[in-house]
Amino acid sequence: MATPTDRITRKSLLRELKTKVVGRTLHCCESIDSTNRMAKQLAEQGAPDGTVVVAGHQTGGRGRLGRSWEAPPGSCILCSVIFYPDIKPEFLFRLTMMASIAIVDALQATAGISAGIKWPNDVYVGDKKICGILSEVDCSSQSVRYAVVGIGINVNWSLKNDEHLGDSATSLRDLCGCDISCVKLLRELLMQIDSGYGSINDAAHLHSLWSQRCMHLGKTVRIISGNDTLEGTAQGITEQGHLMLQSAGGSMQEIMCGDVSLRW
Ligand code: BT5
């Protein structure tokens with residue numbers, strides 16, 4: 001449950017934050033254009049591994065492909081984490097996998113909500129989106145300079161009657177019927193991410209945790225990828241994070257990016 005003092009501040013978050021890397025350097029802002037934008041700027045300036053940027057409000061919250069991320073001031077989790085991962089660029093999707101697993105586990109631990117991962121970057125409860133992840137990287141073909149993983153979770157914002165998102169999105173308030181402490185949820189999330197980051201090179205373990213939490217493996221899905229609409233059974237993901245889609249005729253296709261829909 002949230003209390004009247006449930007404001008995300010450095011002090012409230014650092015209390016009982018048991019992490020090795022993630023959140024040891026922490027920037028909390030009332031309002032900013034985008035935590036991902038600020039995190040990238042800090043990474044350019046050499047901010048330490050695991051630096052976290054948190055905002056109460058974003059004036060230009062970003063999604064993928066130029067889309068936007070909405071959240072009323074002071075109601076949701078809006079944060080970005082900087083990483084300098086020791087992985088080859090082709091395996092960078094592991095960071096998104098690690099974040100998705102951490103989000104599902106933190107929602108369960110803090111609010112008792114069973115959520116699932118929707119490839120590539122969403123967390124859903126039932127058929128509604130509760131969280132989006134935006135991973136951005138600076139890398140060459142050989143090495144990764146830095147990666148920023150941005151996370152937006154709908155917490156104390158009622159979306160049921162929202163004109164734009166009511167049909168497709170949900171929040172912890174809508175699901176639990178009460179407000180949930182953003183401080184506790186974010187602290188749990190950062191601890192889960194910290195533990196996942198420690199084993200980012202254990203690909204088999206990560207793959208198994210991700211697959212257990214993915215909501216559409218083995219199911220028939222429709223994927224919008226660029227100008228193409230594809231249908232088939234989602235069979236799994238490759239080491240690079242591409243989705244393996246099996247058509248009704250049995251042929252297998254590797255999809256690099258797209259939006260999965262589970263209902264149409
Ligand atoms: C995402 O993009 O889902 C990634 C969102 C990442 C947001 C975080 S917040 C902290 C950090 N700083 C940033 O600037 N961004 C990150 P995508 O898959 O492209 O989904 C975007 C679409 O989701 C929009 O076009 C809307 O349709 C929908 N949407 C926008 N706000 C939403 C919300 N609060 N809940 C559910 N859906 C939303």
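This one's a predicted model, so the numbers in the text were calculated from it and none came from an experiment. Residue numbers run consecutively from 1 along every chain, following the written order of its sequence. Thresholds applied to this predicted model are a pLDDT of at least 70 for local features of residues and 80 or more for the giving and counting of side-chain atom pairs; totals over whole chains, interfaces and linings are not thresholded and use all residues. Values reported for side chains reflect all heavy atoms of the structure, with hydrogen atoms and water molecules removed beforehand.

A. Main features of unusual backbone geometry. With an omega of 0 degrees, the peptide bond between Trp119 and Pro120 qualifies as cis. Along the polypeptide, Pro120 turns up in the loop between strand E4 (116–118) and strand E5 (122–125). The phi dihedral of Glu16 falls on the positive side, at around 65 degrees, and the residue is not glycine. Its place among the elements puts Glu16 in the loop between helix H1 (10–14) and strand E1 (26–32). Even without being a glycine, Leu65 presents a positive backbone phi close to 50 degrees. Inspection of the secondary structure assignment puts Leu65 in the loop between strand E2 (52–58) and strand E3 (77–83). Strands are runs of DSSP state E lasting at least two residues, helices are runs of H or I lasting at least four, and both sets are numbered from the N terminus onward.

B. How the structure looks around the site of the ligand. Summary of the distance rule: residues count as near a molecule or strand when at least one heavy atom falls within 4 Å of that molecule or strand. Taken together, 28 residues sit near the ligand, with Ser34, Arg62, Arg67, Glu70 and Lys129 positioned nearest. Polar contact is the term for a pair of N or O atoms within 3.5 Å; when the atoms are in protein, one must be able to donate a hydrogen and the other to accept it, and sequence-neighboring residues count only if both atoms are side-chain atoms. Measuring from an oxygen atom of the ligand, one finds a backbone N or O atom of Arg64 at 2.9 Å. Within the side chain of Asn121, one N or O atom sits 3.3 Å away from an oxygen atom of the ligand. We get accessible surface area from the Shrake-Rupley algorithm with a probe of 1.4 Å; when it comes to residues, only the shown protein chains can shield them. Protein contact buries 90% of the 800 Å² of open area that the ligand shows by itself. Every element with two or more residues in the shell around the ligand is listed here: helix H2 (35–44), E3, strand E6 (128–139) and strand E7 (144–153). Broken down by element, the shell around the ligand gets its largest block of residues, four residues, from E6.

C. Fine view of the side chain of Ser171. Its place among the elements puts Ser171 in the loop between E7 and helix H4 (172–176). Polar side-chain contacts of Ser171 include one of 3.1 Å to the backbone nitrogen of Asp174. Residue contacts follow a heavy-atom distance rule, with two residues in contact if any of their heavy atoms lie within 4.5 Å. Filtering out sequence-adjacent residues up to four positions away, Ser171 remains in contact with Ile130, Asn154, Val155, Trp157, Ser158 and Leu159.

D. Representation of the pattern of salt bridges within the structure. Between Lys or Arg on one side and Asp or Glu on the other, a salt bridge is scored when a side-chain nitrogen of the former is within 4 Å of a carboxyl oxygen of the latter. In the structure shown here, the tally under the stated rule is 13 salt bridges. Among the ionic pairs, Glu136 bridges to Lys40, the shortest N-O distance being 3.3 Å. Here Glu136 is found in strand E6, whereas its partner Lys40 is found in helix H2, with 96 residues between them in sequence. Under the relative-accessibility criterion, Glu136 is labelled buried at 18%. Its salt-bridge partner being Asp259, residue Arg64 comes within 2.5 Å of it at the nearest N-O pair. Residue Arg64 is located in the loop between E2 and E3, and its partner Asp259 is located in strand E12 (residues 259–261); the two are separated by 195 residues in the primary sequence. Think of it in three bands: with a 1.4 Å probe and only protein chains considered, a residue is buried below 20% of the maximum accessible area for its type, exposed above 50%, and partly exposed in between. According to the relative accessible area criterion, Arg64 is buried, its value standing at 18%.

E. View of the sheet that holds strand E8 (residues 220–225). When DSSP finds two or more bridges between a pair of strands, those strands are recorded as paired. Spatially, E11-E10-E9-E8-E12 is the arrangement adopted by the five strands of the open sheet, whose pairing is antiparallel. Of all the strands in the sheet, just strand E11 (252–255) and E12 have a single pairing partner and so form its edges. Taking each pair of neighbouring strands and ignoring which way they run, the sheet shows an average axis angle of 45 degrees. Bridge count for strand E10 (residues 243–246) against E11 is four bridges, and the pairing is antiparallel. Bridge pairing in E11 links Gln246 to Met252. For helices, the axis comes from a line fit to the C-alpha atoms of the stretch in contact; other axes are also lines fit to C-alpha atoms, and the angle between any two N-to-C directions lies between 0 and 180 degrees.

F. Representation of the environment of Asp127 in the model. Among the secondary structure elements, Asp127 is positioned in the loop between E5 and E6. Once the C-alpha coordinates of Asp127 and Thr170 are considered, the two residues, 43 residues apart in sequence, prove to be 9.1 Å apart.

G. Here's a closer look at the state of the cysteines. Note that a disulfide, as used here, is simply two cysteine sulfur atoms within 2.5 Å. Under the definition given, this model contains zero disulfides. Here Cys29 stays unpaired: no disulfide links it, and the sulfur of Cys28, its closest cysteine neighbor, is 7.3 Å away. According to the relative accessible area criterion, Cys29 is buried, its value standing at 19%. Here Cys131 stays unpaired: no disulfide links it, and the sulfur of Cys79, its closest cysteine neighbor, is 8.6 Å away. Here Cys131 falls in the buried class, since its relative accessible area comes to 0%.

H. View of the packing of helix H3 (residues 93–111) against helix H5 (residues 182–198). Two elements in contact, H3 and H5, have axes whose closest approach is 8 Å; the angle formed by their N-to-C orientations is 140 degrees. As far as their axial angle goes, H5 and H3 are oblique. For the pair H3 and H5, the sense of crossing is right-handed. For the pair formed by H3 and H5, the contact residues are Leu95, Met98, Ala102, Ile103, Asp105, Ala106, Leu107, Ala109 and Thr110 on the first element and Lys184, Leu185, Glu188, Leu189, Gln192, Ile193, Gly196 and Tyr197 on the second. For the contact of H3 with H5, the per-class residue count stands at 11 nonpolar, three polar and three charged. Note on terminology: angles under 35 degrees are roughly parallel, angles over 145 are roughly antiparallel, angles of 65 to 115 are roughly perpendicular, and the others are oblique. By convention, the crossing between two helices is left-handed when the near helix turns anticlockwise from the far helix through less than a right angle, and right-handed when the turn is clockwise. Gly falls in the polar group here, along with every residue not listed as nonpolar (Ala, Val, Leu, Ile, Met, Phe, Trp, Tyr, Cys, Pro) or charged (Asp, Glu, Lys, Arg).

Note that every value here comes from positions in space, so none of it alone points to a role or purpose.
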